[in-house]
Each structure stands twice: as structure tokens, then as C-alpha cells.
Amino acid sequence: MQTLCILGSTGSIGRSTLDVVRLHPEKFNVVSLSAHSSVDLMFEQCIEFKPQKVVMVSKQHAEILADKLKRVNLSEIIVTSGILELELIAQDSATDTVMAAIVGASGLLSTLAAVKAGKKVLLANKEALVTSGAIFIEAVKQSGAQLLPIDSEHNAIFQCLPLNAQQQPGYCDLSHEGVSKVLLTGSGGPFRTWALNELETVTPAQACAHPNWDMGRKISVDSATMMNKGLEFIEAKWLFNLEPEDIQVVLHPQSTIHSMVQYKDGSVLAQMGNPDMRTPIAHALSFPQRIESGVEPFDFFNAKSFEFEAVDFIKYPNLKLAIDACKSGQGACTALNAANEIAVDAFLNEKIKFTDIAKINETSVKKFVSEKVTSIEEVVALDRSVRVFAQSLITEPEHK
Ligand code: NDP
Ligand code: MG
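Note that the structure is predicted; figures quoted are calculated from it, not measured.

Visitor: Kindly report on the site of ligand 1, identifying the contributing residues and their values.
Guide: Close to ligand 1 lie 24 residues, the nearest being Thr-10, Ser-12, Ser-37, Ser-38 and Glu-127. Within the side chain of Ser-38, a nitrogen or oxygen atom sits 2.6 Å from an oxygen atom of ligand 1. At 2.6 Å, a side-chain N or O of Glu-127 approaches an oxygen atom of ligand 1. The protein chains hide 86% of the 890 Å² of surface that ligand 1 would expose on its own. Mapped onto the shell around ligand 1, the elements with two or more residues apiece are helix H1 (12-23) and helix H6 (126-143). Here the shell around ligand 1 is composed, by residue class, of ten nonpolar, eleven polar and three charged.

Quick look at the structure:
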């Protein structure tokens, strides 16, 4: 029986994780869950999975949840609040495996706590790795944590790598394993066929309607701007110990091939399947075994054609910014991620236009590009400063 902590259990990835867990009650035991404030859904998850502990980051919502649980005679479930409590459940000795599925850099410290405690860490929270890069991977190396990628592209790449590389995430020499290139596929999002001048008018609802994947709102906007692919580019660099030149983004609108690994002998290994996060989640939960995920098998006979295109960086300036940040160093990556979180939030709240996201990101990276970050305290401090700066670009746009 594998014991699980799910950080961000009320989100898209958290719910898909519980969908897989539900299919295998004899294999997985949920010991702790967390959310920010989705109290009704957390209440339902408590009734179904009966965890020992729950963290609601919001104190007010923790109190409401505790009260609701008491009324259904589930007061033995311990409910706490605050971000420090997330670190405690992530490193708790009662837990074998931690699903890191909080959105944004808010998930950094709890994900890192799981890593430092040497857990099996299922990494969905890409922003944690983008923000802290080498510090995160060094912590994996020191603790011997087993890091398994959940992001569908990175999970696909992982599946296409030899065993030796799978056993050393972040510090294997892939060239030594015969790899010549990693091909990171991306659908291009909902606006791939839109004209450049139409992008100014994009609404949050349009940006969140991804053609192939059903995801949380932040990552949906990131997919529409292709910042998501940019964050994934940086994530791939760290997870697979690659140089930026070894990673190539390929547009593949059908999202059937989830990514590919090209070998020196000309072989290209691809992982395919229907676009459904339950596949990488089931893969990582049961690795190295395979279990049912609930996902329909891919139907080759009714499949649309497989198309591939090069990326147009004029249309997707955020992707270019991220690749440049990856080449520049950690300060640029941490700054880009923080600015983007502020900009996306402002776009979702209709304070800025879709096309302003890239402008805020670019101005912020330019200002902080040469910051050195060598400790987690410096990462957190830079993240905070960039947020304040990016926010000022929104509230006082004459600074732009
Ligand atoms: P969602 O927005 O759907 O869910 C986010 C989860 O984090 C919720 O449980 C939410 O709680 C919680 N949360 C939000 N803010 C905070 C905070 N400040 N502190 C603590 N917890 C918080 O996101 P997704 O599930 O879509 O994405 C989660 C992560 O997985 C992201 O990093 C994303 O990039 C990555 N990912 C997602 C994929 C997908 O298909 N969705 C695919 C690949 C990667 P509450 O419900 O209370 O707000
Ligand atoms: Mg992805």
C-alpha cells in the first residue's frame, strides 16, 4: 500500500490524481490533502478518501471545513491552515509519495520539503522547478528523492529514456546515453490559427478554452501564450540535465504525441496517447509498473492526421522570452515566472489585455535578469521583488 499526500487536491491535477486512486483502493491510501480555499470540494474528498490530515491555506476556510466535518462525525480528520503546514504534510513520515500539484511558485516550499525528506515526488508544479532550478535538483541529489515528472511532455520524455537516465533525474548525462535531442511538442493553444492583430481582443474565457486539454485557468492562459511551453523548456533543462541547444519545440496541434527523444543513431522514440493527465499520473504513481488509468486507448483508425510545424516566435513572444531566460540564468527564470504569474492573474481579472502579458514579462525580466540566486531564500526574495515590480506595471502603466 502506497501512502499519498496530494498538495493541491482540489485542482485539475489533484482531481485527476484522485480519479486514478479511486480505481485502485488496494494500492493507494490517501493520508493528506491540501487546497487553498475550495472548501466544498475538499469536504467531499474528505468524506470519500478519509485522509488523516488536511491543510486549507486559508484559515477561514479551514474553520468552515472543520465545522462541516464535525457535523458528519469526521472530526478525527485533523484540519490545519497556513502555508507552513503544507511543508509539514509534505515531509510527514506517514507519507511515501507526494503529488506536487499546487499552481505557481506558491508550491515551491512544500514541494522542496517533500524533496528534502527524500519522498517519491510526482512533480506537476513546474513553477517550483523553474523558479529554483539547480537548488531544487541539488536537493533531489542530496536526499535521494525519486523525482517523477507529471507534466505530460516530461513524462513522455522520461518514458522514452533508458533506465539509467530514469534513475538519475536531473543529473544524468543524456549524451552518454546516446540521446542527441529532446523534442518538446506543443499544440500551439487555441489561437494558433488566429491573425496576430486579433490577439489583442482575446478574452479570459477564450484563452481558457484549450482545444485538447482540460486544465486549471493559469496553465490554460500559459498554454494560449505558449509561456507554458517556455516554462516546460526550462523544466526540461533541469529534469533531464540538458543544454538549451538540446531542446527543440515542435508544434503538433493534435496533442497525440506528448514529446519525443531523438537518438544519435537516427531513432526517434515518441510517447503517444489521448490527451488526458490520468495517463502520466498513473504512470508516475505506479512506476515502474503499469496500472489502469481510466483513459480510453488511442484509436489509430479514427485519428486525425499528425501535423508538425515550426514555432512562430512573433506570435508567441513569451516562448522566446522563456528560451532566452533559460540561456541567461536563474535570475531571469525566477523573474520571468513571477512576472508571468502576476500578468496572467491581471489578465484573468480583466485588468490587462492578452497581449500585455508578454510586455509585462519582458520589462520585468530586463530589470532583474542579472540577479544572482544561489539559495532558496534568495529565490523567495527575488520572486517577491519581481511581483511588486510587475504589479506596478499594471497599476501604474506609465512605468512600462
Ligand atoms: P488548478 O488551478 O486547477 O489547481 C491548483 C491547486 O492549488 C488547487 O488545489 C488550489 O486550491 C491550490 N492552490 C491555489 N493557490 C494556492 C496557494 N496560494 N497556496 C496553496 N495552494 C494553492 O491548477 P492545475 O491542477 O491545472 O495545475 C497545478 C500544477 O500542475 C501547475 O503547476 C500546472 O502548471 C501543472 N500542470 C497542470 C496540468 C493540467 O492538465 N492541469 C498539466 C501539466 C502540469 P483551491 O482549489 O482551493 O484554489
Ligand atoms: Mg505540459
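Structure's up, so let's keep going.
Visitor: Explain the sheet that holds strand S6 (residues 120-123) to me, using residue names and the numbers behind them.
Guide: Spatially, seven strands are ordered S4-S3-S2-S1-S5-S6-S7 in an open sheet, and the strand pairing comes out parallel. Of all strands in the sheet, those bounded by a partner on one side alone are strand S4 (78-81) and strand S7 (146-149). Across the sheet, the axes of successive neighbouring strands diverge by a mean angle of 20 degrees, strand direction being ignored. Where strand S1 (residues 2-7) meets strand S2 (residues 28-35), six bridges bridge the pair, whose relative direction is parallel. When the sheet's bridge partners are listed, Ile-6 is paired in S2 with Leu-33.

Visitor: Account for the coordination of the magnesium ion (ligand 2), naming residues and giving values.
Guide: For the magnesium ion (ligand 2), the protein coordination sphere consists of Asp-151 (OD), Glu-153 (OE) and Glu-232 (OE), at 2.1 to 2.2 Å. Between consecutive donor residues of the magnesium ion (ligand 2), the sequence gaps follow D-x1-E-x78-E. One end of the pair, Asp-151, is in the loop between S7 and helix H7 (152-159); the other, Glu-232, is in helix H11 (residues 227-240), with 81 residues separating them in the sequence. Taken individually, Asp-151 and Glu-232 each receive the classification buried, so the pair is uniform in this respect.

Criteria and thresholds
Residues numbered from 1 in each chain as written. Chains lettered and ligands numbered in written order. Predicted model: local features only at pLDDT ≥ 70, side-chain atom pairs only at ≥ 80, totals over all residues. Heavy atoms only, no water. Near = heavy atom within 4 Å. Polar contact = N/O pair within 3.5 Å; in protein donor to acceptor, adjacent residues only side chain to side chain. Areas by Shrake-Rupley, 256 points an atom, 1.4 Å probe, with all protein chains shown as cover. Helix = DSSP H or I, 4+ residues; strand = E, 2+ residues; numbered from the N terminus. Nonpolar A, V, L, I, M, F, W, Y, C, P; charged D, E, K, R; others polar. Pairing = 2+ DSSP bridges. Axes fitted to C-alpha atoms, helices over the stretch in contact; angles between N-to-C directions. Donors = N, O, S within 2.8 Å, 3.2 Å for Na, K, Ca; no water. Buried < 20%, exposed > 50% of the residue type's maximum accessible area, 1.4 Å probe, protein only.

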